Structures are given as C-alpha cells and as structure tokens.
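Residue strings, one per chain:
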Amino acid sequence: MPETSQLLVLGLSGPELTGEEEVLFRKLQPGGFILFSRNIETPAQTRTLTDQLRSLSTLPPLIAIDNEGGRVWRTAAFGTSPPSAAEISHAGDPQLASLLGYLTGRLLRQVGIYFNLAPVLDLDDHPGEQKALRGRCWGNDTHQVIALAGLCNRFQRKQGILGCGKHFPAGGRARVDPHHELPVVDASLEDLLARDLIPYTALMPELDAVLLAHIHFSRIDPDAPGLPSSLSRAIATRLLRDQLGYEGLVLTDDLDMGAIQKAYGTPAAARTAVLAGVDQVLLCHEFLLAGETLAALRDIPPAIVHDCVSRIDKARWRVADTLSFDEGQMQILADEFAQLRSDVPALGEDGSNSPVEAY
C-alpha cells in the first residue's frame, strides 16, 4: 500500500493545511501534490506550505503547479503575470521564450515547487475559439512549437525544475472543454503522427513528464466508445511508450474534470488509467476522498506498481537541491516579470468559458 500511494498527486484546499488534510496526507503518503491559486497568497506563505508538505512525507513529494504564463499562472498573487505562450510567439523573439522559462524556474525554486506542468505542446488548431486552450498554445506550426516550447522548457529545467509536455496526444484538436464534457476527435493515428505528435517526438528527450488529455479518439479506440486518452492503453502504452519510446513519467489530467466524472468517477478512472500505463493520477479538487481511490488501486499487479514507482523515483531525484528562501530575490523576480510583461505586446485575450484560469 505505501508504494501504491505514490501513484497519487493530491490538491489541497487553501493557503494553509487543515488538520484533516495533515492527518490524511501523513497517513496516505501521496507521491505528489499540486498547488493552485487558492493555495498561494505570498511567496513566504507558499514556501512555508511546501516545506510543510515535505515534512509530512517520508519520501520527497513531487510538488507541482501550472505556471504556463498568461491566464494560467497560479502564482499571480506575487505580482505581474508574464505573457502567455501565444503572446510570446506573436512577438517573434525566441529569446523571450527562454527568458520565461528562466524566470519561471527561478521563481518556483524559491517557493519550493520543483515540477511545472508546462509547456503546452498542443497545436492551436482552433485559434480564437472560447475554449480551455485559448492563448495557451505556442502556435499551430510544429516547428514554431518545437522551437519556443523547447526553449521555455530547457531554461526552466536549467534551474532544476521538472517540465511536463501536455496535453498528449493532441489536445489542440478538441472543440469542447474537458473541464465540462468529454471531447471526441475522429483523427486517425496517421493524422496525429503527421502533425500533432511531432513536438513530442522532437522534445521527448527533454520531457521529464507527459500529461494525457481527457479526449476520446474514436478512430484509435474504436472498440471503446467514450474512452478518454488518459485512460487508454492504446494511447498511454502502445502509442506513447511502445511506438514513440517514451520512458519518462506519465500523468493523467485532473480526474475531477467533467469529462471523467460524468462517465467514470474518480476511483474507477484512476484504476483504469494505471492499468493503461499511467504512473500518477491527479486528484486536484475532491482530494479528501483519496482513500477511496487508493482502495481501488490496491489490487493493481505489483509489477505494474513497481514500474510506476521506479519512474516516479527517477523524476524525484532529478530535481535540484532546496534553496534557502530569499525575499530579496523574490522582489528582483517580480521586477523582471513586470519588465517581461511590458516588453511583450498584449493580444487582448479575454479569457474563456473554461474554469482553467480560475483554479
């Protein structure tokens, strides 16, 4: 059971741990945690929180966040949010992507977060639509995405921060928001290999993790109607692992999204995902029910759990050593982010009907 609990990445409710959360996390010993805007008020408070999460854990947990830039920037409470991927791409200067990664890595390391669920590698197939990915893509040209997302990821990793490509295999093809409903895409495997998967194959040696989308690919899983790619063995194992040769960490997107909850529920989805080839499942909002999910994983074959934990361990030991917190460095970073924001023209992104930026 202790090993199996490493397959869980849990959210928490606020800027301080509740007594109930502390008891639960100490008991379950999850492999990781994920922070959202609701958990973040100041740099010092955030560092206190991440230090506390580490103190509750027998093994160093992977503490994750979504700091992409633009409207998906969970540390917005610290000051000016940097430009989005779309804005940096539109500015036409690759050095700006490098700078975003460099500053992001420095910021996260100061507050004790060593796993950034970025960069987005989706191609912007439906620009301008009000959807979850609005403004978050680096472009709709594979070479552009490889160049800019690759630079951003490379420079955050130079600071000891793990990076994560998402939303595999082709989140940009979705026309509905998986936070609400399960998107269905009829693209074939040949279609994906010809375009959407090129950024993954090009950047794979530099991706510490890959996050799977909640999208059903009807021509890849024709015998499993409504099966999300995040729960699909055809995608997690046969495509990502076997065909593309990826050996790093594989995560689901948040299992609390409507795309999962309306058909599966969290425990069943988590079990299906791990059997499909996923290493860690994200429970971002209903995390107090994590015990039920852990129970659903109890009889997963030990060989599968061992392989998952081995990949988690390899990721864990790649993170940088913990820095002493420096309030002065945080002020310098706030000024540098403000300068980056002023140097990149805004595109007037007006959000979307997705809850992604509100988390």
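Our subject is the structure listed above.
Read on for an overview of the structure.

Parameters and conventions
- Residues numbered from 1 in each chain as written.
- Predicted model: local features only at pLDDT ≥ 70, side-chain atom pairs only at ≥ 80, totals over all residues.
- Heavy atoms only, no water.
- Core = buried A, V, L, I, M, F, W, Y, C linked by side-chain atoms within 4.5 Å.
- Buried < 20%, exposed > 50% of the residue type's maximum accessible area, 1.4 Å probe, protein only.
- Contact = heavy atoms within 4.5 Å.
- Phe/Tyr/Trp six-rings, centres within 6.5 Å; stacked < 30°, edge-to-face > 60°.
- Helix = DSSP H or I, 4+ residues; strand = E, 2+ residues; numbered from the N terminus.
- Pairing = 2+ DSSP bridges.
- Right-handed = clockwise from strand over helix to strand, strands pointing away.
- Salt bridge = Lys/Arg side-chain N within 4 Å of Asp/Glu carboxyl O.
- Expected span 1.5 Å × (residues − 1).
- Arc of directions from axis to C-beta.
- Polar contact = N/O pair within 3.5 Å; in protein donor to acceptor, adjacent residues only side chain to side chain.

## A few points about the nonpolar core
The nonpolar side chains of a soluble globular protein tend to be buried, and buried together.
Moving on, step 1. Ranked by size, the top nonpolar core spans 106 residues in total, and within it Phe25, Phe115, Trp138, Phe168 and Val281 carry the most contacts.
Moving on, step 2. Not counting the four nearest positions on each side in its chain, phenylalanine 25 is found in contact with Leu10, Gly11, Leu12, Leu17, Pro30, Phe33, Leu53, Leu56 and Phe287.

## Quick notes on the packing of aromatic side chains
Each aromatic ring pair is described using two quantities: the centre-to-centre distance and the angle formed by the ring planes.
Moving on, step 1. Across all of its chains, the model carries three aromatic pairs by this definition.
Moving on, step 2. Summarising the aromatic geometry, the rings of phenylalanine 168 and tyrosine 200 are spaced 5.0 Å apart at their centres and angled 90 degrees between planes, so their arrangement reads as edge-to-face. Placement of the pair is phenylalanine 168 in strand 7 (residues 162-168) and tyrosine 200 in helix 7 (residues 198-203), with a sequence separation of 32 residues.
Moving on, step 3. Given a relative accessible area of 0%, phenylalanine 168 falls into the buried group.

## Considering the sheet that holds strand 3 (residues 62-65)
Moving on, step 1. Overall, parallel pairing links the eight strands, which are arranged 1-2-3-6-7-9-11-12 in a closed barrel.
Moving on, step 2. For strand 9 (residues 209-212) and strand 11 (residues 249-254), the ladder comprises four bridges, and the chain directions are parallel. Bridge pairing in strand 11 places alanine 209 opposite leucine 249.

## Some words on the pairing of strand 3
Each regular strand displays side chains that alternate between the two surfaces of the sheet.
Moving on, step 1. Side chains Leu62 and Ala64 of strand 3 all project onto a buried face; the interleaved residues Ile63 and Ile65 project onto the opposite face, where all are buried too.
Moving on, step 2. Inspection of the sheet shows strand 2 (residues 32-35) paired to strand 3 by four bridges, in the parallel sense. Within strand 3, the residue paired with glycine 32 across the bridge is leucine 62.
Moving on, step 3. Once you follow strand 2 into helix 2 (residues 43-55) and on to strand 3, the crossover reads as right-handed.

## A look at unusual backbone geometry
Moving on, step 1. Omega for the peptide link from alanine 118 to proline 119 comes to 20 degrees, which places this bond in the cis form.
Moving on, step 2. By the element assignment, proline 119 lies in the loop between strand 6 (115-116) and helix 5 (142-157).
Moving on, step 3. The omega torsion of the bond from phenylalanine 168 to proline 169 falls at 5 degrees, within 30 degrees of zero and hence cis.
Moving on, step 4. By secondary structure assignment, the location of proline 169 is in the loop between strand 7 and strand 8 (184-185).
Moving on, step 5. Of note, the phi angle at glutamine 29 is positive, near 55 degrees, even though the residue is not glycine.
Moving on, step 6. Along the chain, glutamine 29 falls in the loop between helix 1 (19-28) and strand 2.

## As for the pattern of salt bridges
Moving on, step 1. All told, the structure shown has 19 salt bridges when counted by the stated rule.
Moving on, step 2. Here glutamate 68 ties to lysine 166 by a salt bridge, and the two come within 2.8 Å at their closest N and O atoms. One end of the pair, glutamate 68, is in strand 4 (residues 67-69); the other, lysine 166, is in strand 7, with 98 residues separating them in the sequence.
Moving on, step 3. Of the residues examined, lysine 166 reaches a relative accessible area of 2% and is grouped as buried.
Moving on, step 4. Its salt-bridge partner being arginine 318, residue aspartate 208 comes within 3.1 Å of it at the nearest N-O pair. With aspartate 208 in the loop between helix 7 and strand 9 and arginine 318 in the loop between helix 12 (302-316) and helix 13 (327-343), this residue pair connects regions lying 110 residues apart in the sequence.
Moving on, step 5. The partly exposed category is assigned to arginine 318, whose relative accessible area is 41%.

## Section: helix 13
Structurally, the α-helix is built with 3.6 residues per turn, so residues lying three or four positions apart point the same way.
Moving on, step 1. Over its 17 residues, helix 13 runs 25 Å from end to end, which matches the ideal 24 Å to within 8%, given 1.5 Å per residue.
Moving on, step 2. For helix 13, every residue scored as buried is listed here: Met330, Leu333, Phe337 and Leu340. What you see down the axis of helix 13 is that its buried residues fit within an arc of 80 degrees, all on one side.
Moving on, step 3. Buried-residue contacts for helix 13 involve helix 2, strand 5 (72-73) and helix 4 (94-110).
Moving on, step 4. N-cap assignment for helix 13: the residue whose side-chain oxygen lies 2.9 Å from the backbone N of glycine 328 is aspartate 326.

On their own, these measurements won't tell you what the molecule is for.
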